[in-house]
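# Coordinate analysis (summary)
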Amino acid sequence: MAHDPKTKALSTGRLGRLASMARAGLGTARTVVSGSAVGLEGAVERLGELRGLGTKVGQMAGLVEANLPADVRAKVGPALARLRAQAARSPYEAIARLVEDDLGAPPERLFSRFDREPFASASLGQVHDATHPDGRHVAVKVQHPGIQEAFTNDLGNVGTLGRVATAFIMPQEKSRDFIAGVKDGFLAELDYVREAENMRLFARLLEGDPDLDLPRVVEDRSSRRVLTTTFLDGVTVEVAKHFDEPTRRRQAAAVRRLILSALADHGVLYADAHAGNFFFLEAGTVGVLDFGSVFVLDSARRAAFGELRDTAAATDRPGFGRAVGRVLGLD
């Protein structure tokens, strides 16, 4: 079989990953300075191969893509779309060993059909199309082998740099606590048992919403590193932007409800709302993926988010700044 350049074992060494992220940063800077997308394309390729925090940061960049000038957006949009769609894949043999370690049998015995080639690969894991023995069409998300070590090393690199950066804007003790909180939040995404709990929580909070389609956990084929859910159909945001305007407005409102209603009404934050985590149907519904980054806020933080919303609506800049500080725990 011909070598697939997108299938690549994960590099986990701390220094090597730091060097790769630095090269990606230089490539991005080259794009900004020269106006050429060549540097960005190389940066995207490196971030996709890194998986872990490098890919996640690249995917999250899509959140600000819509606010970029049109000429810059035209250059970076295709590269970011590729990163959202497909990070490098881990070799099937390593994936099969991980599944057997966690669930007690290889994929071919656990599922009546299991596609060896993933249909998606992201920062922490890749997703395989499969059929459960009871006939259900399912998606099986498997962590990239070695991602725990790689992600921990990424966070160590970022934590060192972050403590230096935040020292200029907050006291050392608060800086340390802030960086620790960020690291804990990212590491929690490696626990698929926790993600399954988050999915069940959102299913309860948004039950009955006609425009949101949330996958359901398949309990007997899930573990800490393997998460099997019912399969969601749909197209990416790049295709959905060609839907008619009423459909686009309906779907945008559904995404807002997912994020804002859970936050305002229940104090639960869906914190991974980049475009790669949504599938769109022309009928108007939105499928939601990836519930690894979910936070239940305490009463003080929930009130701070409410203040953030209200001051933003009132264009109260001083009040908004104070609210940001409370959201970040800086006061």
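In this report, the structure presented in the accompanying data block is examined. Per chain, the residues get numbers from 1 upward, laid out in the order the sequence is written. Side-chain atom pairs in this predicted model are given and counted only at pLDDT of 80 or more, local residue features only at pLDDT of at least 70, and totals for whole chains, interfaces and linings cover all residues. Derived side-chain values reflect all non-hydrogen atoms in the structure, with water molecules and hydrogen atoms excluded from consideration.

## Remarks on helix H10 (residues 192-205)
Runs of E in the DSSP output that reach at least two residues are strands. Runs of H or I that reach at least four are helices, and both are numbered from the N terminus. Take the residue count of a helix, subtract one, and multiply by 1.5 Å to get its expected span. With 14 residues, H10 extends 20 Å from end C-alpha to end C-alpha; this agrees with the ideal 20 Å at 1.5 Å per step. In the core, the buried residues of H10 are packed alongside strand E3 (125-131), strand E4 (137-143), strand E6 (226-230), helix H12 (245-266), strand E7 (268-270) and strand E10 (294-296). Here a polar contact is recorded for every N or O atom pair within 3.5 Å, except that within protein the pair must consist of a potential hydrogen donor and a potential acceptor, and residues adjacent in sequence are included only if both atoms are side-chain atoms. The backbone nitrogen of Val193 lies 3.0 Å from a side-chain oxygen of the residue at the head of H10, namely Asp191. Only heavy atoms enter the contact rule, under which two residues are in contact if any of them lie within 4.5 Å.

## Considering the side chain of Asp129
Considering the arrangement of structural elements, one finds Asp129 in strand E3. For Asp129, a relative accessible area of 16% puts it in the buried group. Polar side-chain contacts of Asp129 include one of 2.7 Å to the side chain of Arg113. Those residues in contact with Asp129, other than ones at most four positions away along the chain, are Arg113, Phe114, Asp115, Phe119, His137, Val138 and Phe231. Partly exposed describes any residue whose relative accessible area lies between the buried limit of under 20% and the exposed limit of over 50%, with all areas from a 1.4 Å probe on protein chains only and scaled to the type maximum.

## A few points about the packing of aromatic side chains
Aromatic rings from Phe, Tyr and Trp, with only the six-membered ring used for Trp, were paired whenever their centres fell within 6.5 Å, and each pair was classed as stacked if the ring planes differed by under 30 degrees, edge-to-face if by over 60, and tilted otherwise. Inspection of every chain in the model, using the stated rule, returns seven aromatic pairs. Measuring from centroid to centroid gives 6.3 Å for Tyr92 and Phe114, while their planes differ by 50 degrees, and the two rings are tilted. With Tyr92 in helix H6 (residues 92-103) and Phe114 in strand E1 (residues 113-114), this pair connects stretches of sequence that are 22 residues apart. As far as burial versus exposure is concerned, Tyr92 and Phe114 are alike and both buried. Relative to Phe114, the ring of Phe111 lies with its centre 5.6 Å away and its plane at 35 degrees, an arrangement referred to as tilted. The buried category is assigned to Phe111, whose relative accessible area is 3%. For Phe114, a relative accessible area of 11% corresponds to the buried category.

## What to know about unusual backbone geometry
Positive phi outside glycine occurs at Asp290, with the angle close to 65 degrees. Mapped onto the elements, Asp290 comes out in the loop between strand E9 (286-288) and E10. Its relative accessible area of 22% is what places Asp290 among the partly exposed residues.

## Let's talk about the sheet that holds strand E5 (residues 212-213)
Any two strands are treated as partners once DSSP identifies two or more bridges connecting them. In space, the three strands of this open sheet follow the order E5-E9-E8, with mixed pairing throughout. Edge positions in the open sheet fall to E5 and strand E8 (278-280), since each of these has one partner strand only. Structural elements are reduced to axes, namely lines fitted to C-alpha atoms, with helices fitted over the stretch in contact, and the angle between N-to-C directions of any two is expressed from 0 to 180 degrees. Contacts from H12 reach E5, E8 and E9, with the element oriented near 30 degrees to E9.

## Quick look at the pattern of salt bridges
Criterion for a salt bridge: a side-chain nitrogen of Lys or Arg within 4 Å of a carboxyl oxygen of Asp or Glu. Taken as a whole and judged by the stated rule, the model has 14 salt bridges. We note a salt bridge from Arg113 to Asp129, for which the minimum N-O separation is 2.7 Å. One end of the pair, Arg113, is in strand E1; the other, Asp129, is in strand E3, with 16 residues separating them in the sequence. For Asp211, the salt bridge is made with Arg250, and the minimal N-O distance between the two is 2.7 Å. Here Asp211 is found in the loop between H10 and E5, whereas its partner Arg250 is found in helix H12, with 39 residues between them in sequence. Residue classification places Asp211 among the buried positions, given a relative accessible area of 9%. Assessed through its relative accessible area of 35%, Arg250 is described here as partly exposed.

## So, the environment of Asp211
Put simply, Asp211 and Arg250 are 39 residues apart on the chain and 7.9 Å apart in space, counted from C-alpha to C-alpha. In contact with Asp211, not counting residues within four places along its chain, are Arg250, Ala254, Arg257, Gly284, Thr285 and Val286.

It is worth stressing that arrangement in space is one thing and function is another; only the former is reported here.
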